[in-house]
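# Structural description and commentary
So you can see what is in the structure, the chains are spelled out below.
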Amino acid sequence: MTARGASRVVVAAPERALETHRCRWRELAAVYRVHRACFPYPYPFWRFVGYQLSPVSCIRVATVPGGIIGYVVATVTEHVTGRRGEIISLAVLEPWRRRRVATRLLREAAAFLRRVCSADVYLQVAVDNAAAQELYDSLGFRKVERLIGYYLGGEDAWLMCRSVERARRP
Ligand SMILES: CC(C)(COP(=O)(O)OP(=O)(O)OC[C@H]1O[C@@H](n2cnc3c(N)ncnc32)[C@H](O)[C@@H]1OP(=O)(O)O)[C@@H](O)C(=O)NCCC(=O)NCCS
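Quick caveat, the model's predicted, so the values are computed rather than measured. (Residues numbered from 1 in each chain as written. Predicted model: local features only at pLDDT ≥ 70, side-chain atom pairs only at ≥ 80, totals over all residues.)

## Brief notes about the overall build of the protein
How we decide: Helix and strand definitions here come from DSSP, where helices need a minimum of 4 consecutive H or I residues and strands a minimum of 2 consecutive E residues; each element is numbered from the N-terminal end. Exposure classes come from backbone-placed C-beta atoms, where a residue is buried if 20 or more other C-beta atoms lie within 10 Å of its own, exposed if 12 or fewer do, and partly exposed in between. By definition, residues are in contact whenever their C-beta atoms, placed on the basis of the backbone, come within 7 Å of each other.
Helix and strand counts for the protein come out as 5 helices and 7 strands. Listing the helices and strands of the protein from first to last along the sequence gives β-α-α-β-β-β-α-β-α-β-β-α. Residues classed as buried in the protein amount to 34% of the 170 residues present. In the protein, once contacts between residues fewer than 6 apart in sequence are set aside, the share between residues at least 24 apart is 66%.

Printed below as a string of structure tokens:
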């Protein structure tokens, strides 16, 4: 995922009105609109439907009275080395950034992953996405591998990981 600026403003609501919860089916289309607004190569909608259906996946949303302003998708995947938690997608609409919304969503996603599979958590982030890298770094993720040509546009990604042991620390 390579970040780009979100093009729409949902609403200018006070921060105290911000709330997070597990995505409801009727909210999925709005989640996808946020996704499309924030990424140049969006996933197809059916992937979000799949994560919403899966018992080992979770979509959490951040809302204000005007609608959804951010989301995170987390899941568990099988690898030759075993199961791992993965953050699949994360975005916050531009007017709501730098207010710890993503931090809150990521912490909640990590709590979900700990409940369904106590394993290391991985994610991919574009090498030129400094904002997201700062965020993940601040939450204890570390770069483990550069994935050459990972994105549709040919950009490289960093594979980042937060170990279970690290995640257990406060
Ligand atoms: C990356 C993104 C999710 C961050 O959301 P956010 O709600 O603004 O993040 P937070 O407010 O929780 O940020 C927490 C910390 O992350 C770092 N950070 C976040 N955005 C940053 C930026 N633009 N520049 C530098 N550091 C940044 C800071 O350390 C920040 O703490 P601080 O504000 O006290 O300095 C948001 O910018 C976004 O949606 N970008 C487009 C989509 C995207 O890139 N998603 C991630 C793909 S892997």
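Still more to cover.
## A few points about the environment of Trp 96
Assignment of secondary structure puts Trp 96 in the loop between β4 (82-92) and α3 (101-116). The spacing of Trp 96 and Ile 69 is 27 residues in sequence and 7.1 Å in space, taken between C-alpha atoms.

## Some points on the nonpolar core
Quick reminder of the rule: In this usage, the nonpolar core is the set of buried Ala, Val, Leu, Ile, Met, Phe, Trp, Tyr and Cys residues whose C-beta atoms join them within 7 Å.
Counting 41 residues, the largest nonpolar core has Ile 59, Tyr 71, Val 72, Ala 74, Ile 87 and Ala 109 as its most contacted members. Sorting elements by how many residues they give to this core places α3 first, with 7 residues.

## Looking at the packing of helix α1 (residues 28-38) against helix α2 (residues 45-53)
Operational definition: Lines fitted to the C-alpha atoms define the axes, with helices restricted to the stretch that makes contact. Angles between their N-to-C directions range from 0 to 180 degrees. By definition in this entry, angles of less than 35 degrees are roughly parallel, angles greater than 145 are roughly antiparallel, angles of 65 to 115 are roughly perpendicular, and the rest are oblique. In a left-handed crossing the near helix is turned counterclockwise from the far helix by less than a right angle, and in a right-handed crossing that turn is clockwise.
Close contact between α1 and α2 brings their axes to 10 Å; oriented N to C, the two are set at 130°. Relative to α2, the element α1 is oriented oblique. The way α1 lies across α2 gives a crossing that is right-handed. For the pair α1 and α2, contact is made by Leu 28, Val 31 and Tyr 32 and by Phe 45, Phe 48, Val 49 and Gln 52, respectively.

## Let's talk about the confidence of the model for the protein
Parts of the model with low pLDDT should not have their predicted coordinates read in detail. This is how the line gets drawn: A score between 0 and 100, pLDDT records how confident the predictor is in each residue.
This prediction gives the protein a mean pLDDT of 90; 88% of its residues lie at or above 70. Of the regions scoring below 50 in pLDDT, residues 1-11 engages in 37 contacts with residues more than four places distant in sequence or in other chains.

## Some thoughts on unusual backbone geometry
Notably, Arg 98 is not glycine yet its phi reads approximately 60°, a positive angle. Mapped onto the elements, Arg 98 comes out in the loop between β4 and α3. Look at Arg 98 and you get exposed, because 9 C-beta atoms sit within 10 Å. The phi angle at Arg 100 is positive, at roughly 70°, despite the residue not being glycine. Following the sequence through the fold, Arg 100 ends up in the loop between β4 and α3.

## Structural notes on α1
For clarity, the cut-off: What the arc measures is the spread of directions leading from the helix axis to the C-beta atoms.
Residues of α1 that are buried: Val 31, Val 34, His 35 and Cys 38. The buried residues of α1 occupy an angular sector of 100° when the element is viewed end-on, so they sit on one face. Looking at the packing, one finds that the buried side of α1 touches α2, β2 (57-64), β3 (67-79) and β4.

## Some words on the sheet that holds strand β5 (residues 121-126)
Inclusion rule: Paired strands are those between which DSSP finds at least two bridges.
In spatial order, the strands read β1-β2-β3-β4-β5-β7-β6; together these 7 strands make up an open sheet with mixed pairing. The strands lining the two open edges of the sheet, one partner per strand, are β1 (19-22) and β6 (142-147). Averaged over all adjacent pairs, the angle separating strand axes in this sheet is 25°, with direction ignored. Across the face of the sheet, helix α4 (residues 130-138) comes into contact with β5 and β7 (157-162) while running at roughly 160° to β5.

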